[in-house]
Each structure stands twice: as structure tokens, then as C-alpha cells.
Amino acid sequence: MSLLTRFEGVAEFLFTEAFKKSAARLQPVEIAKELVKSMLRNKQVSISQVYVPNIYRVFLHPSDWGPIASFGDAFLIELSKYLFAEAERNGYTFLTKPAIELHGDETVNPRQMVIEVDFDDSIVVDWGDEESNNELEYEHLPPNQSNWRESTTIFRESVKTNLPAESIVGRKSDYFLEIIEGPDIGQSFSLKDEEVIIGRHGQCDLVLHDPEISRRHLKIAPGGEKGWWLDDLGSTNGTFVNGQRITHHTTAPGDRISIGQSVLVIQRSPLK
């Protein structure tokens, strides 16, 4: 697939201080305005089209996130439609309908926001116009896995901690991810029947302190008898398996997964 039809990766982190000096509560309309600014700032010009990001992750302090989250998914659908209309008005093109995520994050100051944008044509956004509910649903379709489906919780408040990962390994886990090189060497993380997001951001399932990895760097998901499915999340420095750079890849125990300065290996636990 050519670069004209697929962009993947983090384009920019937009840090906004528009609300820092204001005593008023953050209003939904302010989020809409900042999303438009981020869209315009990150446009990409191809031969015949001007593309704008189709994924927007908005991080708010929990005190701002709570009131906004109370609007539910209907607010995210409204934001998605608003961005779509603004892009049409300016003659810009989305790879797919814009997907909006709203997260609570204690690392963001009150009345501020961080907006992370991506280009990714594997995302399908359902506005719910023809369905009874308005839940936004994303569908990822990695190569050779046409039935791959991922439902995303849009409103999420960060509850992650920076506890040593080895403390999380479950007593009944058959496999775990061991960090054998990098700043977090010696830590391990239990692999269960659910996906794991790895990165520097405090909201990731496995938080690493490697300055060369992205905030959301890598996703590991169970792949049945084939092992585990790796999905690079548009990281800046890439993901490598046994020395080869990958975007989507199936891995097995013993493979060396390199991200930044860190090397991770899936191991079999002696615990039953």
C-alpha cells in the first residue's frame, strides 16, 4: 500500500496551556477548538490530496476528565462529525472517519490538555447512525487476519501505577514478558488472554522508563496457537524482532523484541 493511501505513526503531541490561567471549568467546546487546531497543524500534502490525522487521543487531568466523560460516547461522535465537517470545508481528506479518544491522566495539569494524533487507515469508526446505540467501535484489520476485531473503551481514566512489573506477574500465568536489556532490566509482566500496551505513558499496561520508546509504542495480543501478535503503534524508533523491523508480526517464546534501548523476551513460567 503506497504512502498516498496509508500513513501510520504519531504525527505530533500538542501540549495546550489555553486553560492554565483560567479559573473556569474546561468546556467541551474548547476541546473541539483544540482538535481543529491539531488537525490543521498536522496536515500532510500528497500529490493530489491534503490528508489530516484520523486518530485523536485527548489527555486531561482527572478533574477535567470526569465532567467531560459524563457526556458519554455521544460527545465523541459529535466531535468526530465536527472534525469531518471542518475537513470537508477546507478540502482536506481523512484516511477514515476521525476517531476521538478521551483519557484521564494525572500527569496533565488541570485545565490543560495533551492531544496525540495518528494517521492509520486500519481504523473503522462507527457513528452509530444506523444502530440503536451510539457506541464508537474501532476495527483493526492486520494483514492475513480479516477477522481481527478490537473494541476500544473511549472514555478511560488512567489508573496505572509505576509499580515494578515483576509484582504484577500472576501466580497462574503460563507465559510472561521478561525485560533482559534496558533501563527496566529484570522486570517481568504476565501475559494473559488480553492485549498489552507497552510504552512510556503512565496509562500503558506496561510502563517502561526507556527514553527512546514512544508514549504508546507496542501492542502485544494473544494469537492463539501461533503465539502472540505484535502491532507497532506508529512508534518513532520502531519495533524489531530478532533484528528485523516489523509493523505487524507474529512472535513466539524466545524471540528478541527490541524497542528503544530495551529488549523483551516472552518466557514460559514455571508456575502452574
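Everything numeric here is computed off the predicted structure, so don't read it as measured data. (Residues numbered from 1 in each chain as written. Predicted model: local features only at pLDDT ≥ 70, side-chain atom pairs only at ≥ 80, totals over all residues. Heavy atoms only, no water.)

This part covers the overall build of the chain. Along the backbone of the chain there are three helices and 19 strands. Put simply, the chain has 272 residues, and 49% of those count as buried. In the chain, 63% of the contacts between residues at least 6 apart in sequence involve partners at least 24 apart. Surface summary for the chain: the accessible area is close to 13,700 Å², and the carbon and sulfur share equals 48%. (Helix = DSSP H or I, 4+ residues; strand = E, 2+ residues; numbered from the N terminus. Buried < 20%, exposed > 50% of the residue type's maximum accessible area, 1.4 Å probe, protein only. Contact = heavy atoms within 4.5 Å. Areas by Shrake-Rupley, 256 points an atom, 1.4 Å probe, with all protein chains shown as cover.)

In this section: helix α2 (residues 62-69). Within α2, burial applies to P62, D64, W65, I68 and A69. The buried residues of α2 occupy one face: seen down the axis, they fall within an arc of 155°. (Arc of directions from axis to C-beta.)

Another aspect to go through is the sheet that holds strand β5 (residues 93-94). Spatially, β2-β3-β5 is the arrangement adopted by the three strands of the open sheet, whose pairing is mixed. The sheet terminates laterally at β2 (44-45) and β5, the two strands that pair on one side only. In this sheet, β5 lies alongside strand β3 (residues 50-52) in parallel orientation, the contact comprising two bridges. Among the inter-strand pairings, Y51 is bridged to a residue of β5, identified as T93. (Pairing = 2+ DSSP bridges.)

We now examine the sheet that holds strand β10 (residues 188-191). Strands sit in the order β10-β9-β19-β18-β15-β16 across an open sheet of six strands; the sheet is antiparallel. In this open sheet, the two strands that pair with only one neighbour each are β10 and β16 (244-246). Adjacent strand axes in the sheet meet at a mean angle of 30° when their direction is disregarded. For strand β9 (residues 175-181) and β10, the ladder comprises four bridges, and the chain directions are antiparallel. Bridge pairing in β10 places E178 opposite S188. (Axes fitted to C-alpha atoms, helices over the stretch in contact; angles between N-to-C directions.)

Attention now moves to the pairing of strand β14 (residues 228-232). Summarising burial for β14: five of the five residues are buried, a large majority. Here β14 shows no split at all, with W228, L230 and D232 on one side and W229 and D231 on the other all buried. Bridging between strand β13 (residues 218-222) and β14 involves five bridges; their strand directions are antiparallel. By the bridge assignment for β14, L218 is matched with D232. Bridge count for β14 against strand β17 (residues 248-251) is four bridges, and the pairing is antiparallel. Residue pairing for β17: D231 is matched across the bridge by H248.

Right, let's talk about the nonpolar core for a bit. L35, Y56 and L60 are the most contacted members of the largest nonpolar core, which totals 26 residues. Contacts of L60, omitting those with residues within four sequence positions, involve L26, I31, W65, I68, L102, H103, G104, D105, V108, Q112 and M113. In terms of nonpolar packing, the next biggest core, distinct from the first, is built from 19 residues, V196, I198, L218 and I257 among them. (Core = buried A, V, L, I, M, F, W, Y, C linked by side-chain atoms within 4.5 Å.)

Of all the seven residues making up strand β19 (residues 262-268), five are buried; the element is thus mostly covered by neighbouring parts of the structure. When β9 meets β19, the two strands line up antiparallel, connected through six bridges. Within β19, the position partnered with E181 by the bridge is V263. When strand β18 (residues 256-259) meets β19, the two strands line up antiparallel, connected through four bridges. Bridge pairing in β19 places S258 opposite V263. Here β18 folds back onto β19 in antiparallel fashion, the turn holding two residues, of which G260 has a positive phi close to 60°.

Next up on the list: the pattern of salt bridges. Tallied over the entire structure, the rule returns nine salt bridges. As a salt-bridge pair, E34 and K37 come within 3.5 Å of each other at their nearest N and O atoms. With E34 and K37 both in helix α1 (residues 28-41) and three residues apart, the pair spans about one turn of that helix. When salt bridges with common partners are traced through the structure, they connect R57, E101, E116, D118 and R215 into a single cluster. (Salt bridge = Lys/Arg side-chain N within 4 Å of Asp/Glu carboxyl O.)

Structurally, S262 is set in strand β19. Using a relative accessible area of 1% as the deciding quantity, one classes S262 as buried. At 2.8 Å, the side chain of S262 forms a polar contact with the side chain of D210. Once residues lying within four places of it in the same chain are set aside, the contact partners of S262 are E181, G182, P183, L208, D210 and I257. (Polar contact = N/O pair within 3.5 Å; in protein donor to acceptor, adjacent residues only side chain to side chain.)

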